[in-house]
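Structural features, examined
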Amino acid sequence: MQAKNGVRKKTRTNHRELDVKIGFMEGLLRRDPDYVDALQLLGDHYTQRGRFTEGLNVDERLAQLEPENPVVFYNLACSYSLLEQYERAARSLEKAIVLGYKDFEWLAKDPDLKKFRQQSAYRDILKKIPFKKIRVR
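Below: a short report on this structure. (Residues numbered from 1 in each chain as written. Predicted model: local features only at pLDDT ≥ 70, side-chain atom pairs only at ≥ 80, totals over all residues. Heavy atoms only, no water.)

**Some thoughts on the environment of L62**
Summarising the element assignment, L62 is placed in helix α3 (residues 52–65). As a C-alpha pair, L62 and L39 span 23 residues in sequence and 7.1 Å in three-dimensional space. Those residues in contact with L62 that lie beyond four places of it in its chain are V36, L39, Q40 and V72. (Helix = DSSP H or I, 4+ residues; strand = E, 2+ residues; numbered from the N terminus. Contact = heavy atoms within 4.5 Å.)

**Overview of the packing of α3 against helix α4 (residues 70–82)**
Following both chains from N to C, one finds α3 and α4 inclined at 155 degrees, their axes separated by 9 Å at the closest point. Comparing the axis directions of α3 and α4 gives the class roughly antiparallel. When the axes of α3 and α4 are compared, the crossing they make is left-handed. On α4, the residues that touch F52, G55, L56, D59, E60, L62 and A63 of α3 are V72, F73, N75, L76, S79, Y80 and L82. Of the residues in the contact of α3 with α4, the class split is 9 nonpolar, 3 polar and 2 charged. (Axes fitted to C-alpha atoms, helices over the stretch in contact; angles between N-to-C directions. Parallel < 35°, antiparallel > 145°, perpendicular 65-115°, else oblique. Left-handed = near helix turned anticlockwise from the far one by under 90°. Nonpolar A, V, L, I, M, F, W, Y, C, P; charged D, E, K, R; others polar.)

**Focus on the packing of helix α2 (residues 36–48) against α3**
With their axes 8 Å apart at the nearest point, α2 and α3 run at an angle of 155 degrees to one another. With respect to their mutual orientation, α2 and α3 come out roughly antiparallel. α2 and α3 meet at a crossing whose hand is left-handed. The residues of α3 that touch α2, namely those facing V36, L39, Q40, L42, G43, Y46 and T47, are F52, E54, G55, V58, R61, L62 and L65.

**Brief notes about the packing of aromatic side chains**
Using the criterion set out here, one finds 3 aromatic pairs in the structure. Between the aromatic rings of Y86 and F116, the centroid separation amounts to 6.3 Å while the plane-to-plane angle is 20 degrees, which identifies the pairing as stacked. A residue pair is termed long-range when its members are at least 10 positions apart, and Y86 in helix α5 (residues 86–99) and F116 in the loop between α6 (104–107) and α7 (120–128) qualify at 30 residues. With respect to burial, Y86 and F116 carry one shared label: buried. Ring geometry for F116 against Y122: centres 5.6 Å apart, planes inclined by 75 degrees, an arrangement best described as edge-to-face. Judged by relative accessible area, F116 falls into the buried class, the value being 0%. For Y122, a relative accessible area of 4% corresponds to the buried category. Within the aromatic cluster, the residues linked to one another by ring pairs are Y86, F116 and Y122. (Phe/Tyr/Trp six-rings, centres within 6.5 Å; stacked < 30°, edge-to-face > 60°. Buried < 20%, exposed > 50% of the residue type's maximum accessible area, 1.4 Å probe, protein only.)

**Quick notes on the environment of Y74**
Relative to the elements of secondary structure, Y74 occurs in helix α4. The buried category is assigned to Y74, whose relative accessible area is 4%. A sequence separation of 15 residues divides Y74 from A89, and the C-alpha atoms of the two residues are 8.7 Å apart. Among residues more than four places away in sequence, those in contact with Y74 are L93, A96, Y101, W106, L107, D110 and L113.

Have a look at this one:
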C-alpha cells in the first residue's frame, strides 16, 4: 500500500510541476506570441500532461512560424496521431521527411506514433524511406 501512495503522490507532484511550467510558458507567450522556444516547450508540456488538443494548437502555430523545420512537422505528426487524425499525421510526417527529418530509429518506437504505426498510411511512408535506415522493433 505504501508504494502505491508514493506513486500517486509523485504523479500528483509531477502534474503540479507541469502545470506550473505550463502557466509560466503561457505567461511568456502572452507577452510574445511568436516566441518559438517557449512554444516548443509549451507544446511538450501540454502533451506530457495529456492536453493533446492544446498541444496540437501549439504545433500548428509552430508550423506557421517555422515552415522549414523538420522537427516541427514531426511533432505536428505526433500531435495528429495522439488525436487519431491519421491522414493529417501522414501528411505532416511526409513533410518532415522531405524537409530532412532523419531519426528513423526514433520514428519506429516513438510512443506518440504508436496507433499511427498501425495505419496503412504509415506503411506507405515507410516504403518511401530507404529501409536500411529503419530498425523496426
